[in-house]
Amino acid sequence: MAASVAAVARRLRRAIRRSPAWRGPSHRPLSSEPPAAKASAVRAAFLSFFRDRHGHRLVPSASVRPRGDPSLLFVNAGMNQFKPIFLGTVDPRSEMAGFRRVANSQKCVRAGGRHNDLEDVGRDLSHHTFFEMLGNWAFGGEYFKEEACSMAWELLTQVYGIPAERLWVSYFDGDPKAGLEPDLETRDIWLSLGVPATRVLSFGPQENFWEMGDTGPCGPCTEIHYDLAGGVGAPQLVELWNLVFMQHNSPLGLPATQHFSTPLGHLTPVILGGASPCTPSLDREADGSLQPLPQWHVDTGMGLERLVAVLQGKHSTYDTDLFSPLLHAIQQGCRAPPYLGRVGVADEGRTDTAYRVVADHIRTLSVCISDGVFPGMSGSPLVLRRILRRAVRFSTEILKAPPGFLGSLVPVVVEILGDAYPELQRNSAQIANLVLEDEAAFLASLERGRRIIDRTLRTLGPSDMFPAEVAWSLSLSGDLGLPLDMVELMLEEKGVQLDSTGLERLAQEEAQHQARQAEPVQKQGLWLDVHALGELQRQGVPPTDNSPKYNYSLRPNGSYEFGTCEAQVLQLYTEDGTAVASVGKGQRCGLLLDRTNFYAEQGGQASDRGYLVRVGQEDVLFPVARAQVCGGFILHEAVAPECLQIGDQVQLHVDKAWRLGCMAKHTATHLLNWALRQTLGPGTEQQGSHLNPEQLRLDVTTQTALTPEQLRAVENTVQEAVQQDKPVYMEEVPLALTAHVPGLRSLDEIYPDPVRVVSVGVPVAHALDPASQAALQTSVELCCGTHLLRTGAVGDLVIIGDRQLSKGTTRLLAITGEQAQQARELGQNLAQEVKAATERLSQGSRDVAEALRLSKDIGRLIEAVDTSVMPQWQRRELLATLKMLQRRANTAIRKLQMGQAAKKTQELLERHSKGPLIVDTVSAESLSVLVKVVRQLCEQAPSTSVLLLSPQSMGKVLCACQVAQGAMPTFTAEAWALAVCSHMGGKAWGSRVVAQGTGSTTDLEAALSTARAYALSQL
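Residues numbered from 1 in each chain as written. Predicted model: local features only at pLDDT ≥ 70, side-chain atom pairs only at ≥ 80, totals over all residues. Heavy atoms only, no water.

**Regarding the overall build of the chain**
Counting secondary structure elements, the chain contains 27 helices and 34 strands. When the 1019 residues of the chain are sorted by exposure, 55% land in the buried category. Taking the contacts inside the chain whose residues are at least 6 apart along the sequence as the reference set, 74% of them involve residues at least 24 apart. Just so you have it, the chain exposes about 41,400 Å², and 51% of that area is on carbon and sulfur atoms. (Helix = DSSP H or I, 4+ residues; strand = E, 2+ residues; numbered from the N terminus. Buried < 20%, exposed > 50% of the residue type's maximum accessible area, 1.4 Å probe, protein only. Contact = heavy atoms within 4.5 Å. Areas by Shrake-Rupley, 256 points an atom, 1.4 Å probe, with all protein chains shown as cover.)

The structure is reproduced here in structure tokens:
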């Protein structure tokens, strides 16, 4: 019998480690119980169970947009919102500080970043990008292992009615390398609850030890598994619930989150837990060591989708009522064959795969948009943009969905999830409209992409690879283009291989260009030299008309519409600047047009990018990487996927997202410049600036460095103008009208005539009236850049850096929009950590080791504050506080060390009779403590020479010595320490009087004998 159980356990260990996905369709029910309630009832039963039976406080789901945690793209576990509790940084005045036992259902997204299941969604029956995590928490030791396990067992078997014989559990088997014992307490709890020993399995740290990151909270966990086989044949286990038991005292503040050890699609629940007196939970230090944590917490997590599948007797989460209304709506909207739950080769035409992709992705899109994460060009918005476009492609290409179909599914999502998450109901119209707009824009790009791919394929031979330049042209057209991975997938479906080597080369070139974009404007790449410009003038070529770059407008819904521009190719240049009549396929070239809507890099604003097409042949995209102004001529740097020649008529399209980012940063730069004058006085003058969609840089004259209070005041002034959503007026006027306007901002540059004036909140004519004084009250500048039409789209502004370039000149770095909001949130979190460190210091340290840990934590916090993207005023305030704390901590360490040294000194004096020599061993945490003991001994016994050794871990030995004045000059401390440390294979340093050193030995007696012998030979 024992052998049989062991064999089954081995098979189960292998099965659990594989974490198998749901099996394919089967006619055997998962449970003999009658069908369970709807998913909404399952969720409600969980919450009411913990609230009504066990006194838990129900808290709403946090937004899927992480607050102040740059390690996450999206919230991916229920514990995310409780990080301040686990990290000890919660504001004691906040509502969260009072949490003791809570429960909720948390919206979670796993796409992009470290835990990314996006590409797996649709391929099997279990993966999701959005899921709900049911969880219960106990903070500060409110309850622990026994209560957590008992509650979980009670809920599953008594409330949900899952047969106990179909449940298995696992517990932590220990880790000898880390010095961790098996969690036998949890094992015994499960046995006491009636789980047979044959269904209680033990596993090592990979399966049953949870860590929040490389450092920080960690502890043993226990998992509850459900047997899909139901006793028929070999067990088929899937994880239902995970309970982690943990104490917390994070040394680094906000470590990267690790919540799942197995693929998300299996909905492996995430749990933070606490420790028990028998098996304490731990904190992993930066050196890899594990330390007991002062507080215990329990954090449990169970995927709602998987639980509902079990309770409803379904073999796939997609067969539950969380998805079935969506699948039905998809069939009705697309007139597609019914969903059959097929996977792999059985899924002919990938119809069922498309069903799953669309159903999953519209849930994710709806939840994210309702929480303020919108499809965009970087970070989580970029991931959401990929999700939306993936859903559009599967719905249109495979399910043959009509235009506008995806947006029509939003009300179905709201119907399913709206009662649990009211923000979906409040924002349903906004969600649907945004999805519809993005769907329509992408459908146009997708159709163009298909035509370009098909047209290109017709020109290729049977073994030819798809040209990298064409694929790149599809992807480099900003928000009208296709993601490269989607281009590759479309080619893969057609059995065509992409020229990956060429694509890597183009990607490297683009990466290099991006790196250069962050630097000040430099004349690099293609450029028209004096000879080329002279030739153009000799030929009578007029300067480029770039007025169409201002051809954009603001729609009623707040979005911007950018006009296209038709132009004629006047001249072409090769990479070395040679003028040519035509360029060939794949050639990097410079284009000179008679007119353009591209903004050429100047005035500190980064160049536009985008693409152009030949009129009448819109399927061939010529990516434009940048535009530069050369003597009034705008040179467009492009890659030609096909032949292009002088005289061709082209149509230009700017990258909307890139341009809009530059517009927001440029308007923000003007507001910042004005706010600086308002705060510091009229003597503050702009010295230069540079901006791109990521950040802005402004150099200004200042008498002294800005104080934190001034930086904060400047930000507040900008925020006020942004919140008022003031109109931005732009108009060209004769340069003479601007000559004597009080307050008008201009640089020491040569301006064109007429000159463009940008005025915030006041019409240009009124701003230029000398009698109005308007330019003293708002931002009015001479500027040729592109700007927002209203200030509200700036969103927010945070100054994230300032430094003195030279005496009297300060450089400011700032970000806007969502980046700025995230910086503020991170700053608040770090402020809470500093407050927690202050409280720890005020409470005092019991011993040197504890004081050293606090000092180390403060040092790490200093580094985190110094390097994080956060408000600069707050950074400087926190750093000042932290440096003061560091000084106080070091003072406390010295006092503790002196006290410790005094105690050890007395012990040694009692042990040794008065004489010329003391050679002994003593325990000491550091070399400084050891030196203090030596010095105190010599102070109390001036005629005695002292050498002490202190053994450390891994055989290391510390050495310190001092020679009595009467023993010198023949006997010196430096030589004495060197003789002993050399014997131990180490080194020594010091003076004739005092010296110290280190070495390694396992034979301390031999080292002590060496010390005595040397000293006696010198005395």
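Still to come is the rest of the account.
**Remarks on the environment of arginine 455**
Topologically, arginine 455 is positioned in helix α14 (residues 428-458). Arginine 455 gets classed as partly exposed once you look at its relative accessible area, which sits at 27%. Each C-alpha atom, one on arginine 455 and one on aspartate 619, is 8.4 Å from the other, the two residues being 164 residues apart in sequence. What arginine 455 contacts, discounting residues up to four positions off in sequence, is Gln617, Val620 and Glu642.

**Some thoughts on the sheet that holds strand β30 (residues 917-921)**
Strands sit in the order β30-β31-β32-β34-β33 across an open sheet of 5 strands; the sheet is mixed. Of all strands in the sheet, those bounded by a partner on one side alone are β30 and β33 (987-990). Neighbour-to-neighbour, the strand axes of the sheet open up by a mean angle of 10 degrees, direction not taken into account. Pairing geometry for β30 and strand β31 (residues 945-951), over 5 bridges, is parallel. (Pairing = 2+ DSSP bridges. Axes fitted to C-alpha atoms, helices over the stretch in contact; angles between N-to-C directions.)

**Considering the environment of threonine 544**
Tracing the backbone through its elements, the reader meets threonine 544 in the loop between α18 (530-538) and β12 (552-554). C-alpha separation for the pair threonine 544 and aspartate 594, spaced 50 residues apart in sequence, amounts to 5.2 Å. The contacts of threonine 544, once residues within four sequence positions are left out, are Leu592, Leu593, Asp594, Arg595, Thr596, Gly632, Phe633 and Ile634. Within the structure, the side chain of threonine 544 is placed 2.9 Å from the backbone nitrogen of isoleucine 634, a separation counted as a polar contact. (Polar contact = N/O pair within 3.5 Å; in protein donor to acceptor, adjacent residues only side chain to side chain.)

**So, the nonpolar core**
Membership of the largest hydrophobic core comes to 120 residues, with the highest contact counts inside it found for Phe46, Tyr160, Ile162, Trp241 and Ile330. Ranked by residues supplied to this core, first place goes to helix α9 (residues 351-370) with 10 residues. Setting aside chain neighbours within four positions, we find phenylalanine 46 in contact with Ala103, Asn104, Leu134, Gly135, Asn136, Leu155, Tyr160, Trp241 and Met302. Among the nonpolar cores identified, the runner-up in size contains 54 residues, and Phe562, Ala600, Val650 and Val714 belong to it. (Core = buried A, V, L, I, M, F, W, Y, C linked by side-chain atoms within 4.5 Å.)

**So, the sheet that holds strand β27 (residues 780-782)**
Here we have 3 strands laid out as an open sheet, ordered β25-β26-β27, and antiparallel in their pairing. Pairing within the sheet leaves two strands with one partner each, and these edge strands are β25 (728-733) and β27. Pairwise comparison of adjacent strand axes, ignoring direction, gives a mean angle of 20 degrees for this sheet. Sheet topology places strand β26 (residues 755-760) next to β27; 3 bridges connect them, and they run antiparallel. Counterpart to valine 758 in the pairing with β27 is glutamate 781.

**Considerations on the packing of aromatic side chains**
Counting across every chain of the model gives 18 aromatic pairs. With 6.4 Å between their ring centres and 85 degrees between their planes, phenylalanine 50 and tryptophan 241 make a pair best called edge-to-face. Placement of the pair is phenylalanine 50 in helix α2 (residues 39-53) and tryptophan 241 in strand β8 (residues 237-247), with a sequence separation of 191 residues. Given the relative accessible area of 0%, phenylalanine 50 is considered buried. (Phe/Tyr/Trp six-rings, centres within 6.5 Å; stacked < 30°, edge-to-face > 60°.)

**What to know about the confidence of the model for the chain**
Per-residue confidence for the chain gives a mean pLDDT of 85; residues scoring 70 or more make up 87%. pLDDT under 50 marks residues 248-283. Its contacts with residues more than four places away, or in other chains, come to 205 contacts. Between residues 518-523, whose pLDDT stays under 50, and residues either more than four places distant or in other chains, the model counts 7 contacts. (pLDDT = per-residue confidence, 0-100.)

**A short note on the pairing of β26**
Across the 6 residues that make up β26, a large majority, 6, are buried. Side chains Val755, Val757 and Ser759 project from β26 onto one buried face, and the interleaved Arg756, Val758 and Val760 project onto a second face that is buried too. Bridge count for β25 against β26 is 6 bridges, and the pairing is antiparallel. Opposite valine 728, over in β26, you have valine 760 as the bridge partner.

**Here's the deal with empty space enclosed by the protein**
Counted by the stated rule, this structure contains 2 cavities of 30 Å³ or more. When its volume is computed, the second largest cavity comes out at roughly 40 Å³. Looking at the second largest cavity, the residues that line it are Pro548, Lys549, Asn551, Tyr552, Phe562, Gly563, Asn597, Val654 and Arg659. Per-class residue counts for the lining of the second largest cavity are 4 nonpolar, 3 polar and 2 charged. (1 Å grid on protein atoms, 1.4 Å probe; cavity = no way out; pocket = protein on both sides within 12 Å on 5 of 7 lines; lining within 4 Å. Points joined across faces, edges and corners; volume = space filled by probe spheres on them. Nonpolar A, V, L, I, M, F, W, Y, C, P; charged D, E, K, R; others polar.)

**As for the packing of α14 against helix α16 (residues 484-493)**
The relative placement of two packed helices is expressed as an angle between their axes plus a distance between the axes. With their axes 12 Å apart at the nearest point, α14 and α16 run at an angle of 45 degrees to one another. Compared by their axis directions, α14 and α16 come out oblique. The two elements α14 and α16 cross, and the hand of that crossing is right-handed. From α14, Phe442, Leu446, Arg450 and Ile453 reach across to α16, where they touch Met486, Met490 and Leu491. Grouping the constituent residues of the contact of α14 with α16 by class yields 6 nonpolar, no polar and 1 charged. (Parallel < 35°, antiparallel > 145°, perpendicular 65-115°, else oblique. Left-handed = near helix turned anticlockwise from the far one by under 90°.)

**What about the state of the cysteines?**
As enumerated under the stated definition, the model contains 0 disulfides in all. Summary of cysteine pairing: cysteine 784 is not part of a disulfide, and the nearest cysteine sulfur, belonging to cysteine 783, is at 5.6 Å. (Disulfide = S-S within 2.5 Å.)

**Section: helix α23 (residues 848-867)**
Taking 1.5 Å per residue as the helical rise, α23 with its 20 residues ought to reach 28 Å, and the 29 Å between its terminal C-alpha atoms agrees with that figure. In the core, the buried residues of α23 are packed alongside α22 (817-843) and α24 (872-911). Its side-chain oxygen placed 3.3 Å from the backbone nitrogen of alanine 849, aspartate 847 serves as the N-cap of α23. (Expected span 1.5 Å × (residues − 1).)

**With respect to the side chain of glutamate 132**
Position of glutamate 132 relative to the elements: it lies in strand β3 (residues 130-138). Only 3.4 Å separates the side chain of glutamate 132 from the side chain of serine 105, close enough to count as a polar contact. Once you skip the residues sitting within four places of it in the chain, glutamate 132 turns out to touch Arg43, Ser105, Gln106, Met302, Gly303, Leu304, Glu305, Leu322, Leu417 and Tyr421.

**What to know about the packing of α23 against α24**
The geometry of α23 relative to α24 is characterised by a closest axis approach of 9 Å and an angle of 165 degrees between their N-to-C directions. By the angle between their axes, α23 is roughly antiparallel relative to α24. As α23 runs across α24, the sense of the crossing is left-handed. Facing Val848, Ala851, Leu852, Ser855, Ile858, Gly859, Leu861, Ile862, Val865, Asp866 and Thr867 of α23, the residues of α24 in contact are Arg875, Leu878, Leu879, Leu882, Leu885, Gln886, Ala889, Asn890, Ile893, Leu896, Gln897 and Gln900. Partitioning the contact of α23 with α24 into residue classes produces 14 nonpolar, 7 polar and 2 charged.

**A short note on the pairing of β31**
Of all 7 residues making up β31, 6 are buried, and the element is well covered by its neighbours. A crossover links β30 with its parallel partner β31, the connecting element being helix α25 (residues 927-940), and its sense is right-handed. Linking β31 to strand β32 (residues 956-962), which pair antiparallel, is a turn of 4 residues; within it methionine 954 sits at a positive phi near 60 degrees. (Right-handed = clockwise from strand over helix to strand, strands pointing away.)

**Digging into the pattern of salt bridges**
Enumeration over the complete set of coordinates arrives at 42 salt bridges. Among the salt bridges present, the one from aspartate 188 reaches arginine 187, with a minimum N-O distance of 3.0 Å. You can call aspartate 188 partly exposed: its relative accessible area is 38%. Among the salt bridges present, the one from aspartate 347 reaches arginine 342, with a minimum N-O distance of 3.8 Å. The partly exposed category is assigned to arginine 342, whose relative accessible area is 23%. The structure contains a network of salt bridges with shared partners spanning Arg350, Arg393, Glu397, Glu447, Arg450 and Glu493. (Salt bridge = Lys/Arg side-chain N within 4 Å of Asp/Glu carboxyl O.)

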